[in-house]
Amino acid sequence: MELTGFIVQFLNGLAEASSLFLVAAGLSLIFGVTRIVNFAHGSLYMLGIYVAYSIVQAWGQTPPGFWASLLAAALVVGLLGAVIEIALLRRIYKAPEMFQLLATFALVLVFNDFALWLWGPDDLLGPLAPGLNGSIQIFDRYLPVYDLALMAIGPAVLLVLWLALTRTRWGTLIRAATQDREMLGALGVNQAWLFTGVFALGAFLAGLGGAVQIPRQPASLMLDLSVIGDAFVVVVVGGMGSIPGAYLAALIIAQLKALCVALGIVELFGVSIAFPKLTMVVEFIFMALVLVFRPWGLLGKPMAPQRYTGEPDAPLRPATAPFKWLAFLLVAGFAALPLLSGTLPYASVLAQDMLVAVLFAVSLHFMMGLGGMPSFGHAAYFGIGAYGAALALKSAGLGMLGSIVAAPLAAGVAAIVFGWFCVRLTGVYLAMLTLAFAQIVWSIVYQWDDVTGGSNGIVGVWPASWLEGDAYYYFTLAVVALVIVMVRRMAFSPFGYALRALRDSPLRADALGIHVKAVQWTAFIIAGTLAGLAGALYVFSKGSTSPEVITVGKSVDGLVMVLLGGIQTLFGPVVGAATFVGLQDYFVGITEYWRAVFGVVILLIVLVFPQGIAGYFKQLAQRVGGPA
Amino acid sequence: MSLLKVSHLCKRFGGNRAVDDVSFELASGQLLALIGPNGAGKSTTFNLVGGQLPATSGSVTFDGTELLGMASRKIAHLGIGRSFQIAATFASLTVAENVQMALLAHRREVYRFWRSAVHRYRDEALDLLDQVGMAQQADRPCSELAYGDVKRVELAMSIAGNPRLLLMDEPTAGMAPAERNALVGLVKRLVTERGMAVLFTEHSMDVVFAYADRIIVLARGQLIAEGSAEQIRRHPKVQEVYFGTGRTFGATGQEGGAA
């Protein structure tokens with residue numbers, strides 16, 4: 001490829017870096033101060049584009065009007081941010097980290113449907129910027145003039161933010177809060193308004209990041225989740241809470257992507273490497289590398305531990321007799337469903353989905369609840385299980401049972417490799433690395449047409465004839481019930497005790513001679529293997545699989561299930577997954593805006609049952625039955 | 001022969017020498033107190049010996065085995081128990097389960113996935129809890145305990161592995177004076193009965209002077225004095241750096257205000 005191509009791609013990368021930086025800076029600020037991982041940040045970006053689209057229609061004919069429209073759109077989103085902070089987040093700052101995440105994810109659902117309702121399902125392309133609609137010639141290629149403006153906006157915002165953070169009292173407070181917000185509160189600073197201000201500013205920046213895209217990118221309902229992934233990567237690579245870090249990371253990532261495009265297909269040692277195919281995944285590979293060598297990001301510092309992180313979990317108690325009866329009745333109930341096919345033909349289909357979801361949630365809970373290792377990428381193992389089973393059946397000819405055995409093993413092998421890196425980190429950083437690996441897996445599956453069928457996936461994966469229909473349902477029920485019993489046993493085995501112990505205090509566990517990382521790694525592998533089993537059961541129930549099963553959305557579903565049921569109880573993921581599937585199915589049936597309704601339900605649960613559904617009933621039972 | 005031998009131990013944090021050329025020895029059956037003003041390097045010394053921090057230079061041998069560079073969990077398996085300045089226990093386990101966990105870890109039974117551990121070593125755990133006066137609270141979650149009680153659970157956990165050496169960083173912080181005496185008295189009994197060696201720090205000077213067989217004094221990372229209670233009390237350098245205000249220890253049985 002010629003040099004001019006590289007230059008144009010480099011400039012393009014600079015413009016991309018500005019956009020990335022605007023979103024990521026807001027996310028980083030919000031995380032630094034409030035410690036909330038704001039999943040809704042991509043939604044704020046998306047709303048920024050939509051709102052800008054509408055305002056530009058009215059005011060955007062002249063250059064001053066156009067830029068005023070963009071600013072106004074960002075202000076609207078900033079205001080929305082303030083409202084979110086005051087109405088929702090303020091109530092849950094002391095909730096466990098993952099619960100806050102759940103609340104912001106509910107907002108993603110609500111905002112997405114809000115945009116669907118207000119602006120409709122079609123992509124909306126805004127007008128070109130008046131006065132900046134030409135392009136300039138660079139050697140033999142053209143670059144839009146607007147990109148030049150964009151290139152300047154990023155560093156300009158960086159400069160303003162940096163000055164505000166280092167030269168103003170407000171900035172000093174923010175930096176202090178990033179280091180130790182309890183101490184700041186103890187000094188008499190009103191944290192409530194500081195947090196509102198920071199959240200509004202972060203939302204403003206996200207809105208601005210969206211608004212300035214108007215001439216380049218159509219407003220689309222897909223943007224929220226695609227942008228949040230990029231923004232997470234930039235924030236984590238730059239170092240959570242570091243604004244210059246966010247710019248540096250945005251710059252590196254945008255340039256890496258540009259480089260992949262510029263390189264094209266290259267012959268290297270006789271192997272042809274299609275670099276453009278790497279654009280989807282290069283940022284995640286880079287993030288994984290950064291996290292392995294610099295766990296706090298390029299310019300980040302280790303975070304001060306939070307003093308208040310919610311109530312510690314109550315000790316797990318072995319199942320009581322009434323509980324065992326309840327569990328038995330539940331299994332019996334599930335077993336009876338196919339018999340009701342006359343009156344409720346759909347019941348066993350739904351129950352089949354529930355069972356797969358339960359297994360998926362139980363596997364996630366094993367590492368997240370018992371092991372304290374949150375994962376944003378658990379769908380990777382589910383997906384490897386699904387694809388593993390499909391490939392084992394169709395390509396390797398292992399037969400159905402062979403495939404169901406091989407699939408979890410494949411997922412387990414992936415967990416061995418990914419887990420080795422992941423257990424080196426903790427908390428949000430660990431979660432981000434799991435996300436990175438999931439994205440890498442997704443990108444391989446999505447683009448490796450010859451083997452995985454690319455975006456079409458693999459079809460025609462049906463169970464053997466002796467296990468068709470109801471027989472397969474009973475098979476699933478038996479497997480899932482067996483795994484739940486097994487996981488319960490493990491929770492009370494020496495290994496389960498060690499896992500819970502090192503979640504509470506890795507320092508003490510280590511001083512007792514427990515190899516903390518090895519135990520976590522083992523738990524990670526078990527969780528991955530079980531998720532792979534869920535994937536295998538899934539693929540035979542649906543007859544097909546597509547890259548959809550490995551997306552961020554699928555991973556988040558798992559998180560929602562676990563948190564909905566209650567992370568502190570062993571039965572939580574079971575209740576959570578069944579509720580999740582049931583509610584989703586019900587809402588899809590009654591309204592086009594089922595996501596929003598679902599989001600509102602999640603918000604209510606977060607606010608009313610902060611311990612999750614099963615956790616709530618457990619507490620209720622304890623209150624009724626006297627203090628435990 | 002000495003069980004623990006620390007020679008020329010150094011730890012630098014940037015330009016700050018937190019532990020500067022410290023050497024001392026500790027024999028089995030001895031209770032050695034490590035005292036010094038705040039910031040003297042006491043906790044750092046503990047973390048170097050226990051393997052929680054890497055040393056800059058020097059040597060620490062335990063029964064002839066070099067500890068520096070060894071992972072802290074392996075040090076634990078050599079028979080070195082420890083407690084931390086800020087007590088570290090497992091908040092979501094019950095008191096008894098905390099001690100059972102210690103026993104399971106010591107006996108290398110962590111990688112057992114099937115057999116229930118609910119009752120495993122429970123009697124032994126209750127016995128240990130009885131020794132530290134916590135048997136009554138065995139089935140309470142550790143998160144509900146008063147801080148002094150957490151410290152006692154931690155002690156039960158650190159002696160569960162039958163260690164030959166116990167490192168105790170402020171074992172009695174958060175306890176009333178009478179409790180302190182009782183706890184250190186218990187440790188002293190373990191020292192004499194089991195021939196265990198104990199290295200501990202303590203801010204309460206009456207406890208130190210009443211129970212320690214020997215005392216070493218750290219100040220600004222350097223070892224400035226070593227000897228019996230009487231020798232330390234009279235040591236001019238100790239009086240200079242440690243009791244610079246002119247206050248000395250008169251009566252015993254009263255809280256020493258040394259911190």
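Values in this document were obtained by computation on a predicted structure and should not be read as measured data.

Basis of the calculations
- Residues numbered from 1 in each chain as written.
- Chains lettered and ligands numbered in written order.
- Predicted model: local features only at pLDDT ≥ 70, side-chain atom pairs only at ≥ 80, totals over all residues.
- Contact = placed C-beta atoms within 7 Å.
- Helix = DSSP H or I, 4+ residues; strand = E, 2+ residues; numbered from the N terminus.
- Nonpolar A, V, L, I, M, F, W, Y, C, P; charged D, E, K, R; others polar.
- Pairing = 2+ DSSP bridges.
- Axes fitted to C-alpha atoms, helices over the stretch in contact; angles between N-to-C directions.
- Domains from an automatic or database assignment.
- Buried ≥ 20, exposed ≤ 12 C-beta atoms within 10 Å, placed from the backbone.

S.K.: Account for the interface of chain A and chain B, naming residues and giving values.
M.R.: A common way to express how large an interface is: the accessible area buried when the components associate. In this assembly, 26 residues from chain A lie in contact with 34 residues from chain B. Mapped onto the side of chain A that touches chain B, the elements with two or more residues apiece are α18 (470-492), α19 (494-504) and α20 (506-511) of chain A. Looking at the side of chain A that touches chain B element by element, the count peaks at 7 residues for α19(A). Its residues assigned to classes, the side of chain A that touches chain B comprises 16 nonpolar, 4 polar and 6 charged.

S.K.: Give a description of the sheet that holds strand β8 (residues 197-201) of chain B that names residues and reports values.
M.R.: All names here are of chain B. The 6 strands are arranged β6-β7-β8-β3-β9-β10 in an open sheet whose pairing can be described as mixed. The sheet is open, and its two borders are formed by β6 (80-83) and β10 (222-227), each paired with just one other strand. For this sheet the average axis-to-axis angle between neighbouring strands, irrespective of direction, equals 15°. Bridge analysis of β6 against strand β7 (residues 165-169) gives 4 bridges, and the strand direction is parallel. The residue bridging isoleucine 80 from the neighbouring strand is leucine 165, located in β7. Contacts between helix α1 (residues 42-50) and the sheet are confined to β3 (31-35), β6, β7, β8 and β9 (214-219), with β7 contributing the most and set at about 150° to the helix.

S.K.: Any details on the sheet that holds strand β1 (residues 2-13) of chain B? Residues and values, ideally.
M.R.: Each strand in a sheet pairs with its neighbour through backbone hydrogen bonds, running either in the same direction (parallel) or in the opposite one (antiparallel). All names here are of chain B. Strand order in the open sheet made by the 4 strands is β2-β1-β4-β5, with antiparallel pairing throughout. In this open sheet, the two strands that pair with only one neighbour each are β2 (16-27) and β5 (65-66). Two strands pair when backbone bridges link them, and strand β4 (residues 57-62) and β5 are joined in this way by 2 bridges, in the antiparallel orientation. The residue of β5 that forms the bridge with threonine 61 is glutamate 66.

S.K.: Residue-level account of the domain arrangement of chain A, with values.
M.R.: Residues and elements named next belong to chain A. By the assigned domains, chain A splits into domain 1 (3-221) and domain 2 (322-624). Summarising the inter-unit geometry, the C-alpha centres of domain 1 and domain 2 are found 34 Å apart. Of the residues lining the interface, 18 residues belong to domain 1; the matching set on domain 2 comes to 18 residues. Grouping the constituent residues of the side of domain 1 that touches domain 2 by class yields 15 nonpolar, 1 polar and 2 charged.

S.K.: Give a detailed account of unusual backbone geometry, specifying residues and quantitative values.
M.R.: Outside of glycine, negative phi angles account for most residues, and trans bonds account for most peptide bonds. For A:Arg35, which is not glycine, the phi dihedral falls at a positive 60°. Structurally, the position occupied by A:Arg35 is in the loop between α1 (3-34) and α2 (41-59). You can call A:Arg35 buried: it has 20 C-beta atoms within 10 Å. A positive phi angle is found at B:Asp63, which is not glycine, with a value near 55°. Mapped onto the secondary structure, B:Asp63 falls in the loop between β4 and β5. Using a count of 16 C-beta atoms within 10 Å as the deciding quantity, one classes B:Asp63 as partly exposed.

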